[in-house]
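Single-letter residue listing:
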Amino acid sequence: MLTNNKPSLAVQIGGLPLRNPVMTASGTFGYGEEFTDFMSLDTLGAYIVKGTTLEPREGNDYPRMAETPSGMLNAVGLQNKGVEYFISHIYDRIKDFDSNLIVNVSGSSPDDYGEVAGRLARLSNVNAIEVNISCPNVKQGGMAFGTTWRGAESVTKAVRKAWPRTLIVKLSPNVTDITEIARAAEGAGADAVSLINTLMGMAVDVERRRPCLSTVTGGLSGPAVRPVAVRMVWQTAKAVKIPVIGLGGICNGADAIEFMLAGAKAVEVGTANFINPAVCAEIVEWMSEWCVRHGVSDINEIVGEI
Amino acid sequence: MKVVRDFLLSANVELTPRFSLLTFQGELPEGIRPGQFAQVRIDDSPTTFLRRPISINYADRDTGTLRLLVRRAGDGTNHLCDMEPGSSVNMMLPLGNGFRLPDQEGSRPLLVGGGVGVAPLMMLGKELAGKGIRPTFLLAARTADELLLLDEFRGIGDVLTATDDGSSGEKGFAHQHSALSGSGPWSIIYCCGPAPMMKGVAAAAKKAGVACEVSLENMMACGLGACLCCVEKTVRGNVCVCTEGPVFNINDLTW
């Protein structure tokens, strides 16, 4: 008799069921459509699209990127055409991929965040939003709300009022105690927290004697940050009851499993998309094989095993 | 359609200590245009994390041949230039928009290249010649020794040269060459090279009222328009060089 021994990778984040725990990190996957030549988006648990703000933003001046050991710095500064442009020009193009569409939301005041969330709430195919209180590359807002529990609470509350579906709050690692911020988001109504956003960093061109980035400092991502991220996920998963989504330098299936063992219910893959545009599909495949090798029939069994 | 796949390095010729010509064999996608580029993954180089965007020097789908002209600019490109034939190299291609070719047979295009910027002009020149349009190349380098692939360019069209030290052609930078003084016979100017040279060529083209396209090489991460790192300021605001370029009409730039 044939038995179906394919392990179940399905997980649930708030009210949102995912076919597997793998999502694309905002800002590294465009609007999804940039990657369809390389990968079918139906292999993803969800695709999280670029940070969207109330007004259009031009972002920071070039240069915005510097390669660093096992990673990169960026200082894009939330370049996007604003929520109205997203609704009128982008949403229709991307709303029917067979996966969960999650929009990342940013702002410079709690009201801004709430307003964007409210407008997105009218789009039925936006299954969740991820609130970015952790962008290190903008002068106002962004990370400012993610470095104090009061800031995290005020933004989460404002969005919670305007957004009826699954609400994820994306946390900054540039804090003394990330669990304090996570608890504030949980208390204000977040359905999940995702972490970590980029670590503040800096690089200098010693020949030109100038900073590599126009903004001097930027956000570090890639495998270089992974041990920091795993540690913070482990701490946070023990401090909150809502699901923790882990990200930071995930490049392969083993990295994803590492985060789940440390307490992540799901993961996001970011910078690795730049090097291998089909990496997310490969990660899902590898996780499934890992489960078979380890006799795990349901991926939820391993969450927070450490 | 863009693809990401392995190619076999079939030949690696060191043209000068700073420049190498790499020839690859593999299955090429349809419709590669002059001016497009490949994102080359550099394996086994501990200090190289991201892919390297390299202009396509020549591509022939029928024979599965792809050529890249590479300048040693750092660890990543050094590693690439040092690779032995028989090695496998993963590339994502074709990326970017490419040059817009003229329709009229009577066109007189001038193709200006400086340093490794001559790379995309080979495929562009060959496509123009294939349409019955004879290109004129203005090729510039530091010295005569660093004028790359001269014989092959001479097989396609007329070749003018400029060198910093005067060892070949006119002494000076490409944009100071007499071919660009006055209005000249040119119907369009295509240009790729260091930014100061391209700005000089763009200024000369504007003054002469000649259409001009330049190919930019801003630092990139993804090459797909996802990360928004390689942006150039244009009259439409910041746009990605990897998807809306690398080739721009100079009227769209804020130079």
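Computed from a prediction, not measured in an experiment: that's the story for all the values here.

Engineer: I'd like a description of the overall build of chain B, backed by residues and values.
Structural biologist: Within chain B one finds five helices and 15 strands. Taking 2.2 N^0.38 as the reference for a compact globule, 255 residues should give roughly 18 Å; the C-alpha atoms of chain B span a radius of gyration of 17 Å, in line with that estimate. Structurally, chain B occupies a C-alpha span of about 50 × 40 × 35 Å along its principal axes. Here chain B holds 255 residues, and 57% of them are scored as buried. Considering only residue pairs separated by 6 or more positions, chain B has 60% of its internal contacts joining residues 24 or more positions apart. Surface accessibility of chain B: about 10100 Å² in total, with carbon and sulfur atoms responsible for 48%. Both charge centroids of chain B, one from 24 positive and one from 27 negative side chains, sit 6 Å from each other.

Engineer: Any details on empty space enclosed by the protein? Residues and values, ideally.
Structural biologist: Summed over the entire model, instances satisfying the criterion amount to two cavities of 30 Å³ or more. When its volume is computed, the largest cavity comes out at roughly 500 Å³. Secondary structure elements with two or more residues in the lining of the largest cavity: β4 (46-52), β6 (71-74) and β14 (217-221) of chain A. The residue inventory of the lining of the largest cavity, partitioned by class, reads 16 nonpolar, 17 polar and two charged. When its volume is computed, the second largest cavity comes out at roughly 40 Å³. A179(B), L180(B), G182(B), S183(B), W186(B), I189(B), A204(B), A205(B), A208(B) and V210(B) together form the lining of the second largest cavity. Here the element with the most residues in the lining of the second largest cavity is helix α4 (residues 195-208) of chain B; it accounts for three residues. Counted by class, the lining of the second largest cavity contains eight nonpolar, two polar and no charged residues.

Engineer: Go over the packing of aromatic side chains with me, naming the residues and quoting the values.
Structural biologist: Applying the stated criterion across every chain, the model contains seven aromatic pairs over all chains. With a centroid separation of 6.1 Å and 35° between ring planes, the pair formed by Y31(A) and F86(A) is classed as tilted. One end of the pair, Y31(A), is in the loop between β3 (22-24) and β4; the other, F86(A), is in helix α1 (residues 83-94), and 55 residues separate them in sequence. Take F86(A): its relative accessible area is 1%, and that puts it in the buried class. Three or more aromatic residues joined by ring pairs form one cluster here, namely Y31(A), F86(A) and Y91(A). Above the plane of the ring of Y58(B) lies K126(B), whose end atom (NZ or CZ) is 4.3 Å from the centre.

Engineer: Break down a nonpolar patch on the surface for me, with residues and values.
Structural biologist: Residues and elements named next belong to chain A. A contiguous nonpolar patch, built from M202, V204, V206 and V216 and spanning about 370 Å² of accessible area, is present on the exposed surface. Checked against the element boundaries, V206 lands in the loop between β12 (204-205) and β13 (210-211). With a relative accessible area of 64%, V206 lands in the exposed category.

Engineer: How would you sum up the pairing of strand β4 (residues 52-60) of chain B? Please name residues and give values.
Structural biologist: Residues and elements named next belong to chain B. Where strand β3 (residues 37-40) and β4 come together, four bridges link them in antiparallel fashion. Bridged to V40 within β4 is R52. Two elements, β4 and strand β5 (residues 65-71), share four bridges in a ladder whose sense is antiparallel. Its bridge partner lying in β5, Y58 is registered against R67.

Conventions we followed
Residues numbered from 1 in each chain as written. Chains lettered and ligands numbered in written order. Predicted model: local features only at pLDDT ≥ 70, side-chain atom pairs only at ≥ 80, totals over all residues. Heavy atoms only, no water. Helix = DSSP H or I, 4+ residues; strand = E, 2+ residues; numbered from the N terminus. Rg over C-alpha atoms; globule rule 2.2 N^0.38 Å. Buried < 20%, exposed > 50% of the residue type's maximum accessible area, 1.4 Å probe, protein only. Contact = heavy atoms within 4.5 Å. Areas by Shrake-Rupley, 256 points an atom, 1.4 Å probe, with all protein chains shown as cover. Lys, Arg positive; Asp, Glu negative; His and termini not counted. Charge placed at Lys NZ, Arg CZ, Asp CG, Glu CD. 1 Å grid on protein atoms, 1.4 Å probe; cavity = no way out; pocket = protein on both sides within 12 Å on 5 of 7 lines; lining within 4 Å. Points joined across faces, edges and corners; volume = space filled by probe spheres on them. Nonpolar A, V, L, I, M, F, W, Y, C, P; charged D, E, K, R; others polar. Phe/Tyr/Trp six-rings, centres within 6.5 Å; stacked < 30°, edge-to-face > 60°. Lys NZ or Arg CZ within 6 Å of the ring centre and 35° of its normal. Patch = residues over 30% accessible without salt bridge, like charges linked within 9 Å, V, L, I, M, F, W, Y side chains within 5 Å. Salt bridge = Lys/Arg side-chain N within 4 Å of Asp/Glu carboxyl O. Pairing = 2+ DSSP bridges.

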